[in-house]
Amino acid sequence: MATIIINEALRAFIDPLTEDEYAALESSLLAEGCRDALVLWEDLLVDGHNRYAICRKHGIPYKTIQNTSFRSLDDVYLWMIDNHLGRRSVSDFQRGVLALRKKEILAARLAQASDKPGLAGATPSAEDAEAPAPKLALTREAMARAARLSGTTLGQIERIQKTATPKLVEAVRSGTVSISAAAEVASLPEEKQLAAVEGGKKELRSVAKQLREARVPPKPPAPPLPDDPTPQDIEIHRLQLQLAELKAERDQLKQKVQHLTIALAEARGRH
């Protein structure tokens, strides 16, 4: 049996399984054995940390396979991200977090490559020639497509990552609150975020709704008629009132669509 080394940073890079998911995996391995090989980079375990732990606990035989394409830990991280992005069991929030991590790694690699000194016209070394070129598609839209998300959703996840408290992030991970609602709540000071999380799902949704509604501009007052209006002034005033009403209806419909979209996302998250 090959020697296997555990790197704690790699093991913690992907969100851990929930207790129920871990129990289901353990039951599956006990019933069917370890059918999927553990992926190694030399002695380093890359994929299969949970399977490896369960197999060792119960003495279940397992197989290993070497991935020889890796040249650095960054390559390992990128492989792990792409591997998990392809799994159906990964939630939208987890896919967004992984896509943002991928963007950070690729951006750092691109910056490092651009800062690398070299002579004009110099022939690249064999190592540089064989090294994979960094991907240039680092826009939010490109990352969103890779994660099967909209650019708006990925932007909301990025906001959550930057400003949400750990408890609010955990509420999103557990499905207690939708991504869009959490992004709204994340704009609040820390103590107000914590109060919303403590209030549970209904309070989080209520706070998010209040924040969205607060951004809707108030209905502008209708322009007054002149003191001695002409028929043309009266007609213009009537059209102005009609236009203001149509704009207000438009804003209300846009808000209803937004609320329905959020409700649909929350309903899908419960199934």
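See above for the structure.
Treat the numbers as computed from the prediction; the structure is a model and nothing was measured.

1. What about the packing of helix 11 (residues 190–198) against helix 12 (residues 200–214)?
Right, on to step 1. At a minimum axis distance of 6 Å, the contact between helix 11 and helix 12 shows a crossing angle of 135°. One finds that helix 11 runs oblique with respect to helix 12. For the pair helix 11 and helix 12, contact is made by Ala195, Ala196, Val197 and Glu198 and by Gly200, Glu203, Leu204 and Val207, respectively.
Right, on to step 2. For the contact of helix 11 with helix 12, the residue count by class is 5 nonpolar, 1 polar and 2 charged.

2. With respect to the packing of helix 4 (residues 73–85) against helix 5 (residues 92–115)
Right, on to step 1. Taken N-terminus to C-terminus, the directions of helix 4 and helix 5 make an angle of 150°; their axes are 10 Å apart at the nearest point. One way to sum up the angle between helix 4 and helix 5 is to call them roughly antiparallel. In the packing of helix 4 onto helix 5, the handedness of the crossing is left-handed. Contacts between helix 4 and helix 5 involve Asp74, Asp75, Tyr77, Leu78, Ile81, Asp82, His84 and Leu85 from the former and Arg95, Leu98, Arg101, Lys102, Ile105, Leu106 and Arg109 from the latter.
Right, on to step 2. Taken together, the residues of the contact of helix 4 with helix 5 sort by class into 7 nonpolar, 1 polar and 7 charged.

The rules we used
- Residues numbered from 1 in each chain as written.
- Predicted model: local features only at pLDDT ≥ 70, side-chain atom pairs only at ≥ 80, totals over all residues.
- Heavy atoms only, no water.
- Axes fitted to C-alpha atoms, helices over the stretch in contact; angles between N-to-C directions.
- Helix = DSSP H or I, 4+ residues; strand = E, 2+ residues; numbered from the N terminus.
- Parallel < 35°, antiparallel > 145°, perpendicular 65-115°, else oblique.
- Contact = heavy atoms within 4.5 Å.
- Nonpolar A, V, L, I, M, F, W, Y, C, P; charged D, E, K, R; others polar.
- Left-handed = near helix turned anticlockwise from the far one by under 90°.

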